[in-house]
Amino acid sequence: MHARELVSAAPGANAFVRIKDMELFAQQFTNGLAVGGVYALIALGYTMVYGVLKLINFAHSDLFTLGAYLGLTLITSWLFSGLGPLWGTALLALMVMGMIALMGALLDRVAYRPLRESPRLSAVVSALGASIFLQNAIMLIYGARNQVYPQNILPRMALSAFGFHIPLSRLLVLCASLAMMGALYFFIQKTRIGTAIRAAAIDQGAARLMGIDVNRVILMVFMIGPAMGGAAGLLVGLYYGQINFTMGWAYGSKAFTAAILGGIGNIPGAMVGGLLLGIIESLAAAYVSLAYKDAIAFLVLILILVLRPTGLLGERVAEKV
Amino acid sequence: MKNRKLVVIAGSAAVLAAAPLFLDAYWTDVLNNIGIYAVLALSLNLIVGHAGLFNLGHAAFYAVGAYTAAILNTTYHIPVLALLPVCGFTSGLFALLAARPIIHLRGDYLCIVTIGIGEIVRIALINNIFGITGGDNGIFGISRPSVFGYVIRSPQQFFYLIWIFAGITVILFHLLEYSRVGRALNYLREDEVAAEGSGIDTAHYKLVALVLGAAWAGMAGNIYAAKMSIISPGSFSFWESVLMFAIVILGGAGSIPGVLLGAFLIIGMPEVFRQFASARMLIFGAAMVAMMIFRTQGLLPARPRKYRLAGLPSGGVET
């Protein structure tokens, strides 16, 4: 979207063109990082659930959408009229994350827990059904038309350095997603619960034998993942200013691609995959073809999987023996 | 036992064949849609139900077939039904080329790749690739099909065309199930490692199932193009792949009667819920979750095969 006006930069003198080229690259690269951060946040939810349950949670993308809508409801309510933009947004993010986390736990309880011992494809169809349900519930509550976020929350100014003008909002979105990823990484690597989550992802049976309450791990995963996804929804609303009840599919399919790209089940992999996919997509839109932007993202995925069948950071494991 | 089964099959076929005589054009058209999805789901069943390949991009093969029919019919005026084998061939060839490098991928990696193939095809169609797909608007003016000079126009006439094709599909796929390939696929689904150990070339048979399923979806695309006389990329979205996938799993993966029942439920249910207007898809989603929870194996799951052993008096021995 942002690329369209940038691509049509008029040709001029050589030096001017070179600066324009640099400018274009810088714009596309930072934009790719911001979008990639959002992909990475959503991808974390897919990859964590997959790691523990080997389930593709198709309804995750709709929890992301729900996060954007809940954020809008909260912003326009009386609650945030008195608070400044910084504290207001932080409180807003916490509330959205909390609510979406509860929704995630509810989703697991209703749609997935009864199917724990079932064939995996049954759980996938249940996930698709839950996704259809959530998407239509959002449409019925909020309406089918685009909803607009108030535009006075993120600063409108641009940051100028080395002759480049990068919008501050873009950097804020990137910083927010990086901060959340950092916090999650710390949580997963250093805390007891994080260790339990990693253990359950490696071998559920063995984790249970070591005294880990796997059901609690699953509950945690279904709360942390959606919380990240909900926060990503809020960021998209704040950054782009417009949300729609069908946007989950566009972001969700990319985020899932990112999770696969990094090696599904692997938490750092999802982060790397998300950022990488955002950059690839953004640069492809500028330098290859805007119309084929989404197709190129999938094409890159297929190429990488042909070369590395388990993703960039995935471990080589046998399917089932 | 065998006789009772035949009576049930003949009875339901007779009821179905007589249905257009009692239904108006609208409900006949619903049955036509069910027929097309039944064929699509049967073809996907080969891939998902038998070969166990996680394919959520079946709409891509359907689209290749439909666009082959539309392009060749509108530019060279070849009769639509005469293109049936051509559509099957292009779809199958596309599947072979696209899947050859990725057939060895693990289940969920394959899933996202098939979603990716579906999206790439849809985006290519929207962007009028090679200047032949008509972009967003698609292709219109596909001629009516004719059988021995008899032109098919009304929903009632299409009903018989579609369901005769569906009937042929059922018979052929039933025969396939009990052929050498079918036995290999059955083995593959039950236990891939054991199948490999017994000398079955799993990658080869997976590819066979995928290409065959794709070719059949291509032919369904041909009939869809003939029925609609206008096709556009919107008809081949991810949503279509989800519907086909849901029909297979909900009906019972690997079971032909299950898949047929699934088609009736998944395509017919939103029509029955039409009175709930905008809430019908909400109910549809909830029903999908509930049905999976209460009928985990699908409505009519595939039963383990029984073979008669020589020398045993009656019944069969489970294998």
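The rules behind the values
- Residues numbered from 1 in each chain as written.
- Chains lettered and ligands numbered in written order.
- Predicted model: local features only at pLDDT ≥ 70, side-chain atom pairs only at ≥ 80, totals over all residues.
- Helix = DSSP H or I, 4+ residues; strand = E, 2+ residues; numbered from the N terminus.
- Buried ≥ 20, exposed ≤ 12 C-beta atoms within 10 Å, placed from the backbone.
- Contact = placed C-beta atoms within 7 Å.
- Core = buried A, V, L, I, M, F, W, Y, C linked by C-beta atoms within 7 Å.
- Axes fitted to C-alpha atoms, helices over the stretch in contact; angles between N-to-C directions.
- Parallel < 35°, antiparallel > 145°, perpendicular 65-115°, else oblique.
- Left-handed = near helix turned anticlockwise from the far one by under 90°.
- Nonpolar A, V, L, I, M, F, W, Y, C, P; charged D, E, K, R; others polar.

Q: I'd like to hear about unusual backbone geometry, residue by residue, with values.
A: Its identity is not glycine, yet A:Lys54 carries a phi of approximately 55 degrees, on the positive side. Within the secondary structure, A:Lys54 sits in the loop between helix 2 (14-53) and helix 3 (60-76). Classification of A:Lys54 as partly exposed rests on a count of 15 C-beta atoms within 10 Å. The backbone phi angle of B:His77 is positive, close to 55 degrees, even though this residue is not glycine. Checked against the element boundaries, B:His77 lands in the loop between helix 3 (58-76) and helix 4 (84-99). Among the residues examined, B:His77 registers 8 C-beta atoms within 10 Å and is labelled exposed.

Q: Quick rundown of the environment of B:Asn73? Include the residues and the values.
A: Residue and element names in this part refer to chain B. Turning to its location among the elements, Asn73 is positioned in helix 3. Linking Asn73 and Ser143, residues 70 residues apart in sequence, is a C-alpha distance of 7.1 Å. Not counting residues up to four positions away in its chain, the partners in contact with Asn73 are Ile78, Val80, Leu83, Ile142 and Ser143.

Q: Explain the nonpolar core residue by residue, including any values.
A: One recurring pattern in soluble globular proteins is that nonpolar side chains are buried together. The biggest cluster of nonpolar side chains holds 199 residues, and the ones touching the most others in it are A:Ala231, B:Tyr37, B:Ala41, B:Ala246 and B:Ile247. The element contributing the most residues to this core is helix 2 of chain A, with 16 residues. Among all residues touching B:Ile247, those that are not within four sequence positions of it are B:Tyr37, B:Ala41, B:Val259, B:Gly262, B:Ala263 and B:Ile266.

Q: I'd like a rundown of the packing of helix 3 of chain A against helix 5 (residues 120-142) of chain A, residues and numbers included.
A: Residue and element names in this part refer to chain A. Between helix 3 and helix 5, the least distance of the axes is 9 Å, while the angle of their chain directions is 20 degrees. It follows from the interaxial angle that helix 3 and helix 5 lie roughly parallel. The crossing of helix 3 and helix 5 is left-handed. Along its contact with helix 3, which presents Ser61, Asp62, Thr65, Leu66 and Tyr69, the element helix 5 presents Ser131, Leu134, Gln135, Ile138 and Tyr142. Here the contact of helix 3 with helix 5 is composed, by residue class, of 5 nonpolar, 4 polar and 1 charged.

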